[in-house]
Amino acid sequence: MRLSVVLSLLSLSIYSEVFANGIGNRYFLEKQRFLLEILHHVHEPLVNQQWRSLGEHLVTDKEQYVAYNDHMTEFYKAFNLGKLLNRYEYYNPLNADHYQQALGLYHFFYYTRDWYTLWQNICWARVHLNPGIFVQALTHTILKREDYQALIMPKIYELWPETYHDDKTVRKARNFNFANWIGHENTSDIEEIHPQNMEPSSLEGGLRNSLEWFQAMGDVNILRMKQQKRKNKIQHLLEDISWQSYWYNLNMGIALTTEKSDQLQEWCYYQLSQILARYKLERYGQELPYKKLTPVRNIQKPNHRFKESSSKTTQIIMEYLKKFEERVSDAISFRNLELTNGTYINLEENDNWLIGLAELFPYDWTKLTIEELLKPAPLLDIRTSLRSEDFYYYVERVLQSYRWYRQVFQPPNQKTFIPSNLRIDDLQIGPLITYDQPVDVDLSNILHARHFNLAGQFVWPFTLQQRQFRLQHKDFQYSLQVSGNKTQSTIFRTFLTTPGQGSILREPFYQLDSFLTVIYPGINRITRKSKEFGGLIGDHISYTELHQFVKLAEREEYDFPLNISTSNCGFPRRLILPRGGSGNPLKIRLLIVATVYDFKARQGNELNCDFTKGISRWDELPLAYPFERILEDDTQAVEISGDHVYWKDVNILHENYQA
């Protein structure tokens, strides 16, 4: 408690700097610019001589820290003995030793008493340590220290572009020479573009193409590289950088969060179910098997460095899954469980099933580290796990055990949640249309660092963007007609699923929307727009643009807003619909479920990866209701049949992009 109080008091110092009408002052801007520049070309040695000098030594004076624990002692000992991961080796956060090193550095950041100490430690780590360890520890610090949460980290796919792009693109960017390019511009597939031609032209907050934007980007040459064509049917989702980074951001926010663990566990498994359902809908749309997934092993993706997984990796994961499933099965069969402390509990007594739930189903990836050194693979890197098709196979097996356990032990949802004086009469929805939208992705961090240093000073003379085409949909809305006999507050949940007939046991149900409204006696008409759906985010400014806005604000030519970037733990709004049919429309179904509001809504801050205040929810029903467990009666279950439920067949079309 005393430690948290000290950290809270420290947070007041930066609050006075940044929370003046939501505008950052010069002290905040100095920190923000330092953060962006110290992370620039993080995979290369630091060039800035001032920061190299500041980073000669780690601050080891214990008086400069709120706490000095064993993790810090062991980390510093390992550094002095030369046992830390080499700068040029592959950092795997799922490796137990690698993770412990990152944890030690994180504490050297997190427990600092003042900015100057943190500043020196950041410079030291940037100079001396593996960049993977450095970025992970710094990201955790920015997310977890309340007084630094206003600072903006670049998006992970802009920090490590080489992780998210094919080898040909990475090689071309690394070999790019601006001076040579000027003389051969007409023969290169890299072209200079006018600033107003950057895509998408509309960003959150309307920043791009504003007067301030042209001022900020006035001295930057914008270059564009063409994208390689994709061939895999499902590749447009799996290799989408926002899809992949979503999982990374969730895990970075969850890791090392000790508060509200019960809420966090439920939320994590809900997110897993959402990701799996969305993936299955995409497979359904591409006419690929989706009801029961199978592993896809040892496949070398075109132009990518790593196989899906090695035989050793597969063996370790399959053995873990087997033990996991056997333990869950035994708990269900015998109705008791041996805890890690050696005691036994009866899962049918009191709320012991919740203790078993926490024991059996881990949610924090830092609890799943392994001792073995495994070959790099997309599956084992939380930055790219969603690129691996095996990921979804493993998740499906874990969720089957999770839902089975809840089906057996979770008390039945009280039927009082099902409204008795209400009927959903009709649902009308506008056209659902997807298209491939052109977008420019910032590759500047792959370019050689020499382009960004002039006479010892950091400069940003040009940016290299890659033109990509990504899945997008047109805005849409749907309208409900609801009959009521009395005034009642009601929650509506909207799901997207396949048009399969009969059993829904293996059908994906992806929750599109949920909202609270008041139903009055008589006919009620409710309209929801896709831009109103919660938990979603739009497009953000690039790494280059963010840096230039900071510089503009430092010249006092711009008021720098703290919400200039998008929330890290929001799901990309443009990915809520599967790709439609180009010739014949993709047939899909909507499911609307109404429940009675219990006046127990809670507001968290998970959209910003801050879980200290718990998770946002409408009521006490499970977040994945009614699909948090296996429905015994399937389509006849009271949760999804009756007047409070409405099914609607709809179509999704895919159109060519029109600017």
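Shown above is the structure to which this text applies.
Everything in this summary refers to the structure shown in the same document. What you are looking at is a predicted structure, and each value in this text was computed from that prediction instead of being measured. (Residues numbered from 1 in each chain as written. Predicted model: local features only at pLDDT ≥ 70, side-chain atom pairs only at ≥ 80, totals over all residues. Heavy atoms only, no water.)

1. Quick look at the sheet that holds strand 1 (residues 190-192)
Sheet strands line up and pair through hydrogen bonds in the backbone, either parallel or antiparallel.
Here's step 1: Spatial strand order, 1-2-9-6-17-16-11-12: eight strands in an open sheet with mixed pairing. Of all the strands in the sheet, the pair left with one neighbour each is strand 1 and strand 12 (509-519). Between one strand axis and the next, the sheet turns through 30° on average, direction left out of account.
Here's step 2: Pairing between strand 16 (residues 586-596) and strand 17 (residues 645-655): eight bridges, direction antiparallel. Note that in strand 17 the partner of isoleucine 588 across the bridge is valine 650.
Here's step 3: Against the sheet, helix 15 (residues 261-285) makes contact with strand 9 (462-473), strand 11 (488-497), strand 12 and strand 16, and its axis sits at roughly 120° relative to strand 12, the strand it touches most. (Pairing = 2+ DSSP bridges. Helix = DSSP H or I, 4+ residues; strand = E, 2+ residues; numbered from the N terminus. Axes fitted to C-alpha atoms, helices over the stretch in contact; angles between N-to-C directions. Contact = heavy atoms within 4.5 Å.)

2. Quick notes on helix 5 (residues 96-110)
Because each turn of an α-helix spans 3.6 residues, side chains separated by three or four positions end up pointing in the same direction.
Here's step 1: Over its 15 residues, helix 5 extends 20 Å from the first C-alpha to the last, a length consistent with the 21 Å expected when each residue adds 1.5 Å.
Here's step 2: For helix 5, a buried count of 13 out of 15 residues is recorded, marking the element as mostly surrounded by other parts of the structure.
Here's step 3: Taking the backbone nitrogen of aspartate 97 as reference, a side-chain oxygen 3.1 Å away marks asparagine 95 as the first, capping residue of helix 5. (Expected span 1.5 Å × (residues − 1). Buried < 20%, exposed > 50% of the residue type's maximum accessible area, 1.4 Å probe, protein only. Polar contact = N/O pair within 3.5 Å; in protein donor to acceptor, adjacent residues only side chain to side chain.)

3. Overview of the sheet that holds strand 5 (residues 422-429)
Here's step 1: Spatially, the three strands line up as an open sheet ordered 5-10-13, and their pairing is antiparallel. Only two strands of the sheet have a single partner each, and these edge strands are strand 5 and strand 13 (522-529). Going across the sheet, the axis of each strand differs from the next one's by a mean of 20°, ignoring polarity.
Here's step 2: Here seven bridges tie strand 5 to strand 10 (residues 477-484), and the two strands are oriented antiparallel to one another. Considered in strand 10, the bridge of leucine 427 is made with leucine 480.

4. So, empty space enclosed by the protein
Empty space among the atoms becomes visible once a probe the size of a water molecule is rolled across them.
Here's step 1: One pass over the full model with this rule turns up three cavities of 30 Å³ or more.
Here's step 2: As a volume, the largest cavity reaches approximately 140 Å³.
Here's step 3: Lining of the largest cavity is provided by 14 residues; of these, Glu37, His40, Val47, Asn453 and Phe458 occupy positions nearest its centre.
Here's step 4: Each residue belonging to the lining of the largest cavity can be placed in one class, and the counts come to seven nonpolar, four polar and three charged.
Here's step 5: Put simply, the second largest cavity is a space of about 70 Å³. (1 Å grid on protein atoms, 1.4 Å probe; cavity = no way out; pocket = protein on both sides within 12 Å on 5 of 7 lines; lining within 4 Å. Points joined across faces, edges and corners; volume = space filled by probe spheres on them. Nonpolar A, V, L, I, M, F, W, Y, C, P; charged D, E, K, R; others polar.)

5. Some words on the pattern of salt bridges
Here's step 1: By the definition in use, this model includes 31 salt bridges.
Here's step 2: Taking the shortest distance from any N to any O, the salt bridge between arginine 423 and aspartate 425 comes out at 2.6 Å.
Here's step 3: In this structure arginine 423 comes out as partly exposed when scored by relative accessible area, which is 40%.
Here's step 4: The exposure class assigned to aspartate 425 is partly exposed, which follows from its relative accessible area of 21%.
Here's step 5: Note that glutamate 639 is salt-bridged to arginine 629, the shortest N-O span being 3.9 Å. (Salt bridge = Lys/Arg side-chain N within 4 Å of Asp/Glu carboxyl O.)

6. What about the packing of helix 5 against helix 7 (residues 131-144)?
Here's step 1: Contact pair helix 5 / helix 7: the axes reach a minimum separation of 8 Å and the direction vectors enclose 45°. Classified by the angle their axes make, helix 5 and helix 7 are oblique. Pair helix 5 / helix 7 crosses with right-handed handedness. Residues His98, Tyr99, Gln101, Ala102, Leu105, Tyr106, Phe109 and Tyr110 of helix 5 touch helix 7, and the partners they reach there are Ile133, Phe134, Gln136, Ala137, Leu138, His140, Thr141 and Lys144.
Here's step 2: Among the residues forming the contact of helix 5 with helix 7, the class breakdown is 10 nonpolar, five polar and one charged. (Parallel < 35°, antiparallel > 145°, perpendicular 65-115°, else oblique. Left-handed = near helix turned anticlockwise from the far one by under 90°.)

7. Looking at the nonpolar core
Here's step 1: Counting 187 residues, the largest nonpolar core has Leu39, Phe492 and Phe560 as its most contacted members.
Here's step 2: In terms of residue count, the dominant contributor to this core is helix 15 (12 residues).
Here's step 3: By size, the runner-up hydrophobic cluster in this structure holds 13 residues, among which are Phe509, Phe627, Leu631 and Ala637. (Core = buried A, V, L, I, M, F, W, Y, C linked by side-chain atoms within 4.5 Å.)

8. Quick word on the side chain of asparagine 352
Here's step 1: Mapping asparagine 352 onto the fold places it in helix 17 (residues 352-360).
Here's step 2: In this structure asparagine 352 touches Ile345, Asn346 and Leu347, once residues within four positions along its chain are discounted.

9. Some thoughts on the pairing of strand 17
Here's step 1: Strand direction decides the pairing type here: strand 6 (residues 432-442) and strand 17, joined by four bridges, are parallel. Of the residues in strand 17, the one forming a bridge with leucine 432 is isoleucine 652.

10. A few points about unusual backbone geometry
Here's step 1: Of the consecutive residues glutamate 199 and proline 200, the connecting peptide bond is found in the cis state with omega at -5°.
Here's step 2: Residues tyrosine 625 and proline 626 are joined by a peptide bond in cis, for which omega reads 0°.
Here's step 3: By the element assignment, proline 626 lies in the loop between strand 16 and strand 17.
Here's step 4: The phi dihedral of leucine 256 falls on the positive side, at around 70°, and the residue is not glycine.
Here's step 5: As for its placement among the helices and strands, leucine 256 is situated in the loop between helix 14 (241-254) and helix 15.
Here's step 6: Here phenylalanine 599, not a glycine, exhibits a phi torsion of approximately 60°, which is positive.
Here's step 7: Looking at where phenylalanine 599 falls in the secondary structure, it is placed in the loop between strand 16 and strand 17.

11. Focus on the pairing of strand 10
Here's step 1: Looking at chain direction, strand 10 and strand 13 are connected through eight bridges and run antiparallel. Considered in strand 13, the bridge of leucine 480 is made with isoleucine 526.

12. So, the layout of surface pockets
Here's step 1: Of the volumes computed, that of the second largest pocket is approximately 1,100 Å³.
Here's step 2: If you trace the second largest pocket, you find 38 residues lining it, with Leu94, Ile317, Tyr320, Leu368 and Val398 closest to the centre.
Here's step 3: When residues of the lining of the second largest pocket are traced back to their parent elements, those giving at least two are helix 14, helix 15, helix 16 (311-334), helix 17 and helix 18 (389-409).
Here's step 4: In terms of residue count, helix 16 provides more of the lining of the second largest pocket than any other element does, nine residues in total.
Here's step 5: For the lining of the second largest pocket, the per-class residue count stands at 27 nonpolar, five polar and six charged.

13. Quick notes on the packing of helix 2 (residues 26-38) against helix 19 (residues 543-554)
Here's step 1: In the contact formed by helix 2 and helix 19, the axes pass within 10 Å of each other and the chain directions differ by 150°. As summarised for this structure, helix 2 and helix 19 are arranged roughly antiparallel, according to the angle between their axes. Where helix 2 crosses over helix 19, the handedness of that crossing is left-handed. Packed against helix 2, whose contacting residues are Leu29, Glu30, Gln32, Arg33, Leu36 and Glu37, the element helix 19 presents Tyr543, Leu546, His547, Val550, Lys551, Ala553 and Glu554 at the interface.
Here's step 2: Looking at the contact of helix 2 with helix 19 residue by residue, the classes come out as six nonpolar, two polar and five charged.

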